[in-house]
Amino acid sequence: MAGKNIKVLLVEDNPGDIFLLQEFLKEVTTVVVDLMPVERLSEAINYLEKEIFDVILLDLSLPDSQGLETFVIAHHQAKATPIIVLTGIDDETLAIRAMQQGAQDYLVKGQVTGDLLVRSMRYAIERQRADDALRHSEERFRVALKNSPIFVYNQDRELRYTWVYNPSYGLTVEEILGKQDLDIIPVEDAQRLITIKHGVLTTGIGTREEVSITIKDTTRYYDLTVEPLRNESQEVVGVTCASIDISERQAALREQQAALRDRKLAEEKIREQAALLDVTTDAICVRDLNNQIIFWNKGAETLYGWQATEAWGKNASELLYDEPSPEIEAALLQVISKGKWQGELTKLTKTDKEILVASRWSLVCDEQGKPKSILTVDTDITEKKHLEAQLFRAQRLESIGTLASGIAHDLNNILTPILAGAQLLPLKFPDADKRTRHLLEILEINAKRGADLVKQVLSFARGVEGKRITLQIKHLIVEVAKILKETFPKSIEISTDFPQDLWMVSGDSTQLHQVLMNLCVNARDAMANGGSLSISVENLLIDENYARMNLEAKEGAYTVITVSDTGVGIPREILDRIFEPFFTTKDVGQGTGLGLSTVLGIIKSHGGFVNVYSELGSGTSFKVYLPAVGGMETFSPENLPPQIGHGELILVVDDEVAIQEITRTSLETHNYKTLIASDGIEAIALYAQNMDKISVVLMDIMLPSLDGLTAIRTLQKINPQVKIIASSGLMSDNKLSAVSAIGVNTFLSKPYTVNELLLSLQKILSSEMLSAE
């Protein structure tokens, strides 16, 4: 077959399979295949009437014929042309039946390569030619035995050779006549022949067998026919034998069997490799240099949503990208020039969902080293990047919070005497003129504003602890909605929605009220021309999967407050910065940038978290997640007006002179007596001297020489019943826990008002009187 084209009639109705076979055969360089494709069996029969083909590739499933009948019709029409069944039906039984009917081979689509197909066609042609030659030889034997190479002979009942024509085994007629098989061929081979011939002598029935005979270390194979030799009385008097040397044919058959074994091993290896590619969760794609997809594994089906049959032949850029980008062009140039590229890409799924993948590209070359395709392996990192963004934001906010809280202690110490002084001055000068009273009012108001500003910074930094009660969020929402409807422009429509079976939360109602107001004010500012503001609440059970996707979430029950507006939305580039303190997009003088940072600080201190969803031009939604609790709703008592003291002695311990003076003045104005200490050592000495007279110790936690916690523990050793109010402008969660652990009665956060100080004293002294009774 070398140097000659193979003319092939392809009977196939699937254009994709025709294209694939053409591509396979193009890769074969040892022979040129002239392929004539037709889609129907009737068309094939018409061609066979007019043209001669070397081989026929036949699909069993055609528009005008199905199954084995297709082969029977084609074989009947083209008896002299070898037929190879090439079908998608992987059925061993059907394959055996087709081979029994005369098919030269049975190949399954998807398991075929160009080389395998050409080898099969070559073998089919050679086998057909061999079969034709055998048939011609048998015909010639019948016509003119003398022109036949067949070894023909007769043997009597003792199996002695009595007549020989065309002797074989390398012997002459004379060397064979009168001999038995044991006399002329090896014993083992002779015994095999004797057994066959005795069987014919005994039964009187002829037989045909393939036998091998080894002479001079050379084994030859023969097609042996043995028929009974009868006399005129029809008695079996011997055997007539015809032996044809089929060694070449056997060699070809062994070669075919070896090729078949190799093909099966190769197919098995391909199946194993394909199975491994389908097991991986990565998306694996192979595309040719025209960017057409030629391979698409199960991982790609799962990740992108396109089935392999949908992706094959498609342009990869059109299938996976919204629009061409310079990044993709650069990646293609690098993989062509350097053989590899890797990076992160945003791709589209079948549902137009954007996903982020870590993509690795490798150039695939043929045996001559020429580039032929690009292998792409994609790993979905969308969730990983989302979690990284959350982590980076949390780390950034934590560092900003640490910086913000670092100045809070000094600010609180500065504001405490200013605020207390502003409240005491009107009492000292009751007859002051109107202008002076107004100035004092301004002083007090701005001192309170400064204190509130510091508290907002602290609430962002570490979450300020408030008075926690079990409360029902819907009551807060009703109250906030009423305020909003009275104060917001009429162009903003306000709506609320909450279920009747809403879960309770543990929280500070004042702080949560502040959270809602901050979010609603921001929503109002985003709707300058009016719009809709909705506040809704729902119950939510967070599972492990949700918690894995949100670093701040934990498994459990949550009450979720959603504040949504139809405003201008938040640009994506600043969405990650909106919770930073002092970051604002408002004009100078219209906002401090602390509103959302305060919201975040308060919610974190309540064990919750905040998510924001916004689209430019389509509004914003803030979702506030608060851990739900059981139990009944509780209500905080009304703040009682402070009562004056009854001459109780209070030990004030603080290292700030201004705070010492203002606290002394505040207490003495309200009928208390005071002792002042500047550090823990002085406080212990004064308490030891006046233990029986001192009713309460007001102790700053952050003191020089001896810190407040150590001083408190020492006072408790002196008097286990000592009454202590701890005070500080900045307290970490660890120190707050330590203060609570050592049995401090009350904690007073700086800057505090005179009323807050007096109410704390009243609470401790009242409890002492009750215990005494």
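## Observations regarding the overall build of the chain
Okay, step 1: On a plain count of helices and strands, the chain comes out with 25 helices and 29 strands.
Okay, step 2: Within the chain, the proportion of its 773 residues that are buried is 43%.
Okay, step 3: Total accessible area computed for the chain in this model is approximately 41700 Å², and 53% of it derives from carbon and sulfur atoms.

## What to know about the pattern of salt bridges
Okay, step 1: A complete count under the given rule lists 14 salt bridges for this structure.
Okay, step 2: Note that E310 and K350 form a salt bridge whose closest N and O atoms lie 3.0 Å from each other. Of the two residues, E310 is situated in helix α11 (residues 308-311) and K350 in the loop between β15 (340-348) and β16 (354-365); the sequence distance between them amounts to 40 residues.
Okay, step 3: Classification of E310 as partly exposed rests on a relative accessible area of 26%.

## As for the sheet that holds strand β25 (residues 649-653)
Okay, step 1: Read from one edge to the other, the open sheet built from five strands follows the order β26-β25-β27-β28-β29, with strand pairing classed as parallel. Strands with a single pairing partner mark the edges of an open sheet, and in this sheet they are β26 (673-677) and β29 (746-749). Ignoring strand direction, the axes of neighbouring strands in this sheet form an average angle of 20°.
Okay, step 2: With four bridges joining them, strand β27 (residues 694-700) and strand β28 (residues 724-728) adopt parallel strand pairing. Bridge pairing in β28 links L698 to I725.
Okay, step 3: Strands in contact with helix α21 (residues 657-669) are β25, β26 and β27; relative to β26, the strand with the most contacts, it is inclined by about 165°.
Okay, step 4: Sitting on the sheet, helix α22 (residues 680-689) is in contact with β25, β26 and β27, with an inclination near 140° to β26.

## Structural notes on the pairing of strand β13 (residues 283-288)
Okay, step 1: The element β13 is extensively covered by neighbouring structure, given that five of its six residues are classed as buried.
Okay, step 2: Where β13 lies against strand β17 (residues 371-380), six bridges are found, and the strand directions are antiparallel. Across the sheet, the residue bridging to C285 is T376, located in β17.
Okay, step 3: As judged from the three bridges shared by β13 and strand β14 (residues 293-296), these two strands associate in the antiparallel manner.

## Side note on the environment of T309
Okay, step 1: Structurally, T309 is set in helix α11.
Okay, step 2: Separated by 14 residues in sequence, T309 and F295 have C-alpha atoms that sit 9.7 Å apart.

## A short note on the packing of aromatic side chains
By convention here, two paired aromatic rings are described through the distance between centres and the angle between planes.
Okay, step 1: In the structure shown here, the tally under the stated rule is 10 aromatic pairs.
Okay, step 2: Both rings, one in F151 and one in Y169, keep their centres 5.4 Å apart while their planes meet at 90°; by these two values the pair is edge-to-face. Taken together, the residues span a long stretch of sequence, with F151 in strand β8 (residues 151-156) and Y169 in the loop between β9 (161-165) and α6 (173-176) at a distance of 18 residues. Residue F151 shares its accessibility class with Y169, and that shared class is buried.
Okay, step 3: Site record: aromatic cluster; members linked through ring pairs are F151, Y153, Y161, Y169 and Y222.
Okay, step 4: Note that K50 overlies the ring of Y47, its terminal NZ or CZ placed 5.5 Å from the centroid.

## Some remarks on a nonpolar patch on the surface
Okay, step 1: On the surface, I414, I418 and L443 cluster together into a nonpolar patch covering about 240 Å² of accessible area.
Okay, step 2: Relative to the elements of secondary structure, I418 occurs in helix α15 (residues 408-428).

## Section: the environment of M99
Okay, step 1: Relative to the helices and strands, M99 is located in helix α4 (residues 92-101).
Okay, step 2: Residue classification places M99 among the partly exposed residues on the basis of a relative accessible area of 33%.
Okay, step 3: Note: C-alpha distance between M99 and V85 (14 residues apart in sequence) is 9.1 Å.
Okay, step 4: Sequence-distant contacts of M99, defined by excluding residues within four places in its chain, comprise Q104, D105 and Y106.

## Remarks on the confidence of the model for the chain
Okay, step 1: Of all residues in the chain, 83% attain a pLDDT of 70 or more, and the chain-wide mean is 80.
Okay, step 2: Within the chain, β25 carries the highest mean pLDDT (94), whereas helix α14 (residues 382-406) carries the lowest (62).
Okay, step 3: Counting contacts from residues 587-593, a segment whose pLDDT is below 50, to residues more than four positions away or on other chains yields eight contacts.
Okay, step 4: In the predicted structure, residues 635-639 sits below a pLDDT of 50 and forms two contacts with residues beyond four places in sequence or in another chain.

## Looking at helix α2 (residues 41-50)
Along an α-helix, residues three or four apart share an orientation, since each turn contains 3.6 residues.
Okay, step 1: Those residues of α2 that sit buried are L41, A44, I45 and L48. An end-on view of α2 places all buried positions within 100° of arc, on one side of the element. Residues of α2 that are exposed and angled more than 90 degrees away from the buried face: E49 and K50.

## Examining the pairing of β15
Okay, step 1: Pairing analysis gives nine bridges linking β15 to β16, with the strands arranged antiparallel. Bridging across to β16, E344 finds its partner in A358.
Okay, step 2: Hairpin connection of β15 to β16: five residues between the antiparallel strands, including D352 at a positive phi of 65°.

## Regarding the environment of F24
Okay, step 1: Residue position: F24 is located in helix α1 (residues 15-26).
Okay, step 2: Of the residues examined, F24 reaches a relative accessible area of 22% and is grouped as partly exposed.
Okay, step 3: Each C-alpha atom, one on F24 and one on L117, is 8.7 Å from the other, the two residues being 93 residues apart in sequence.
Okay, step 4: Apart from the residues lying within four places of it in its own chain, the contact partners of F24 are V112, T113 and G114.

## Quick look at the packing of α2 against helix α3 (residues 68-77)
Okay, step 1: Running from amino to carboxyl end, α2 crosses α3 at an angle of 10°, the nearest separation of the two axes being 10 Å. Classed by the angle they form, the pair α2 and α3 counts as roughly parallel. In contact with L41, I45, L48 and E49 of α2, α3 contributes T70, I73, A74 and Q77.
Okay, step 2: In terms of residue class, the contact of α2 with α3 is made up of five nonpolar, two polar and one charged.

## Some words on the side chain of Q155
Okay, step 1: Assignment of secondary structure puts Q155 in strand β8.
Okay, step 2: A distance of 3.0 Å separates a polar atom in the side chain of Q155 from the backbone oxygen of L159.
Okay, step 3: Excluding anything up to four places from it in sequence, Q155 contacts R160, Y161, T162, D181, K197, V237, G238, V239 and C241.

## Regarding a negative patch on the surface
Okay, step 1: Where like charges cluster on the molecular surface, the negative patch consists of D322, E323, D352 and E354.
Okay, step 2: As for its position among the elements, E354 is in strand β16.
Okay, step 3: Residue E354 is classed as exposed on the basis of its relative accessible area, which comes to 53%.

## Observations regarding the sheet that holds β14
Okay, step 1: Strand order across the open sheet formed by five strands is β14-β13-β17-β16-β15, with antiparallel pairing between neighbours. The open sheet has two edge strands, β14 and β15, and neither has a second partner. The average undirected angle you get between the axes of adjacent strands in this sheet is 25°.
Okay, step 2: In the packing of helix α13 (residues 326-338) onto the sheet, the strands contacted are β13, β15, β16 and β17, and the crossing angle to β15 comes to about 155°.

## With respect to the packing of α3 against α4
Okay, step 1: In contact at an axis separation of 10 Å, α3 and α4 are set at 15° when each is read in the N-to-C sense. Compared by their axis directions, α3 and α4 come out roughly parallel. In this structure, the crossing between α3 and α4 has a hand that is right-handed. Residue-level contacts link L68, F71, V72 and H75 of α3 to L94, R97, A98 and Q101 of α4.

Rules behind the numbers
Residues numbered from 1 in each chain as written. Predicted model: local features only at pLDDT ≥ 70, side-chain atom pairs only at ≥ 80, totals over all residues. Heavy atoms only, no water. Helix = DSSP H or I, 4+ residues; strand = E, 2+ residues; numbered from the N terminus. Buried < 20%, exposed > 50% of the residue type's maximum accessible area, 1.4 Å probe, protein only. Areas by Shrake-Rupley, 256 points an atom, 1.4 Å probe, with all protein chains shown as cover. Salt bridge = Lys/Arg side-chain N within 4 Å of Asp/Glu carboxyl O. Pairing = 2+ DSSP bridges. Axes fitted to C-alpha atoms, helices over the stretch in contact; angles between N-to-C directions. Contact = heavy atoms within 4.5 Å. Phe/Tyr/Trp six-rings, centres within 6.5 Å; stacked < 30°, edge-to-face > 60°. Lys NZ or Arg CZ within 6 Å of the ring centre and 35° of its normal. Patch = residues over 30% accessible without salt bridge, like charges linked within 9 Å, V, L, I, M, F, W, Y side chains within 5 Å. pLDDT = per-residue confidence, 0-100. Arc of directions from axis to C-beta. Parallel < 35°, antiparallel > 145°, perpendicular 65-115°, else oblique. Nonpolar A, V, L, I, M, F, W, Y, C, P; charged D, E, K, R; others polar. Polar contact = N/O pair within 3.5 Å; in protein donor to acceptor, adjacent residues only side chain to side chain. Lys, Arg positive; Asp, Glu negative; His and termini not counted. Charge placed at Lys NZ, Arg CZ, Asp CG, Glu CD. Left-handed = near helix turned anticlockwise from the far one by under 90°.

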